[in-house]
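Residue strings, one per chain:
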There are 2 protein chains.
Amino acid sequence: MALADRGGVDELSMRKLARDLGYEVMSLYNHVANKDDVLAGIADLVAAEIEPPEAAPARRGKAAWRAGIRHTVLSAHAAMDRHPWAVALWPSVTSGPHRLRFMEGLLRSLRAAGLPPKVAYHGYHALMMHILGFALLEQRTGLNDDNVVEAASQFLARFEGEEFPHLIEHMHQHVDASPHEDDFEFVLDVILDGLDRLRPQPA
Amino acid sequence: MALADRGGVDELSMRKLARDLGYEVMSLYNHVANKDDVLAGIADLVAAEIEPPEAAPARRGKAAWRAGIRHTVLSAHAAMDRHPWAVALWPSVTSGPHRLRFMEGLLRSLRAAGLPPKVAYHGYHALMMHILGFALLEQRTGLNDDNVVEAASQFLARFEGEEFPHLIEHMHQHVDASPHEDDFEFVLDVILDGLDRLRPQPA
DNA sequence: ACCTGAACACCGTTCAAGT
DNA sequence: ACCTGAACACCGTTCAAGT
């Protein structure tokens, strides 16, 4: 995991891992079936960092139903932020115990919020997609604002500025945007608002 | 692209591509800078298949504002379905002209729908995430229903069925679900409903 | 039970040599 | 302008040999 955090998942080869640990390559295979096994392992370490919905501070009022959901989703987002390589691994790797616990917790919080089974089913997908998709987009644009603006303007220049007015406006919005966290939460609340429409009002 | 469609992106090595074309490996480098260039190229071919919002049939009534958005988003989803390998490539590859045109079209349709700039900005992200995230999830579960149910139940059995009641229910919902297309559209409309809340009513 | 080295079948890419 | 072959620096993994 430290290796992947340093140089991305490309830096994590069996040979480099072995060297890092002070052994020869083939010694690893006494403790691990293959490379996929290693990747599944570190992906589950990321899942272990995600806090469950129950860890949310208690809330009152209209937004109470979504406190737990928001907490675990934001925690998942933060974990992906700390370990960007985990996003690409997520779908391609078999789920470990911590990930299963996270999935269970998110589903539990959706039902606890009063959503009917079908809405919870789809809501789970919507939230998972938001977590993964947003992390994917963040990787692309990069966290460094200077990079974004330079790369964007440079690239757009190649395609005659006139042809993509909306795209240029969008890039400007990216540059002018305050901390990225806002973007994630804004869309999260769009999704939660959409789900709220499908939530039967409690007595 | 044909090579990637056949065996996934792993099947697409420079050496295999050259053999497929009847040349030696190094001949490719006369026409292409490197492998990333090839990947960017085929990713943009996928983008070229996405229909613009203007291709939507005209609609009347309450849902008229979202017709163009829905059309291009569903078309993008279909393209990802036809070329699953494109999902992983999307964020890691530089955007080509067709992709820029698609982005521009989606942004244009959001503004045309009457969404204010800030809502269009976030709505664009929400929809892109939905397209990418959903395709990612579909890859994981696989399109074959038999595979889903078998893999799911087999895996859950390893972790004592009692510990994950909601996860088990979710798996059952996956198995009982009708065609997958429904799931995508359901969540899409959740997002669009959320955006609708932020849309000033037209005169 | 764990470690090791040689070997195999692959990669992407550089570089000098051909036509 | 385009093609080619040898070579380099890498991969993950098998297998036989060590302790």
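Residues numbered from 1 in each chain as written. Chains lettered and ligands numbered in written order. Predicted model: local features only at pLDDT ≥ 70, side-chain atom pairs only at ≥ 80, totals over all residues. Heavy atoms only, no water.

Comments concerning the protein's contact with DNA strand D
We count it as follows: For each residue, the test is whether any non-hydrogen atom lies within 4 Å of the molecule or strand; if one does, the residue is near. Here a polar contact means two N or O atoms within 3.5 Å. Within protein one must be a hydrogen donor candidate and the other an acceptor candidate, and residues neighboring in sequence count only if both atoms are side-chain atoms. Gly falls in the polar group here, along with every residue not listed as nonpolar (Ala, Val, Leu, Ile, Met, Phe, Trp, Tyr, Cys, Pro) or charged (Asp, Glu, Lys, Arg).
In the vicinity of DNA strand D lie 16 residues, with Arg15, Met26, Tyr29 and Lys35 of chain A together with His31 of chain B positioned nearest. Across the atoms of DNA strand D situated within 4 Å of the protein, the share located in sugar and phosphate is 49%. The separation between a phosphate oxygen of DNA strand D and a polar side-chain atom of Ser13 of chain A is 3.2 Å. For DNA strand D, a phosphate oxygen lies 3.5 Å from a polar atom in the side chain of His31 of chain B. Across the surface near DNA strand D, the residue classes tally to 6 nonpolar, 5 polar and 5 charged.

Re the packing of aromatic side chains
Residues and elements named next belong to chain B. To keep it simple, the criterion reads: The rule is short: rings of Phe, Tyr and Trp, with Trp giving its six-membered ring, pair when the centres are within 6.5 Å, and they are stacked under 30 degrees, edge-to-face over 60, tilted in between. Only DSSP runs of H or I covering at least 4 residues are called helices, and only runs of E covering at least 2 are called strands; the numbering of each starts at the N terminus. Whether a residue is buried, partly exposed or exposed follows from its accessible area with a 1.4 Å probe, protein chains only, as a fraction of its type maximum: under 20%, in between, or over 50%, in that order.
Summed over all chains, the structure comprises 2 aromatic pairs over all chains. With 5.2 Å between their ring centres and 85° between their planes, Phe134 and Phe184 make a pair best called edge-to-face. Pair noted here: Phe134 is in helix 7 (residues 117–141) and Phe184 is in helix 10 (residues 180–196), with a separation of 50 residues, a long-range link. For Phe184, a relative accessible area of 0% puts it in the buried group.

Observations regarding the interface of chain B and chain A
You'll often see interface size given as the accessible area lost when the parts meet. Stated formally: Should any heavy atoms of two residues lie within 4.5 Å, those residues are considered in contact. Buried area: the accessible surface (1.4 Å probe) lost by two parts on joining, summed over both. By salt bridge we mean one thing: a side-chain nitrogen of Lys or Arg within 4 Å of a carboxyl oxygen of Asp or Glu.
Counting from both sides, the interface comprises 53 residues of chain B and, opposite them, 53 residues of chain A. Counting the surface lost from both chain B and chain A, the interface buries some 5200 Å², and carbon and sulfur atoms represent 70% of this. The tally of links between chain B and chain A comes to 6 salt bridges. For Arg111 of chain B, the salt bridge goes to Glu169 of chain A, with nearest N and O atoms at 3.9 Å. Summed over the shared surface of chain B and chain A, the result is 16 residue pairs in polar contact (both at pLDDT 80 or more). Broken down by secondary-structure element, the contributors of at least two residues to the side of chain B that touches chain A are helix 5 (85–92), helix 6 (97–112), helix 7, helix 9 (165–176) and helix 10 of chain B. If you tally residues by element for the side of chain B that touches chain A, the top one is helix 7 of chain B, at 16 residues. For the side of chain B that touches chain A, a count of residues per class yields 29 nonpolar, 11 polar and 13 charged.

These results come straight from atomic positions and should not be treated as a statement about function.
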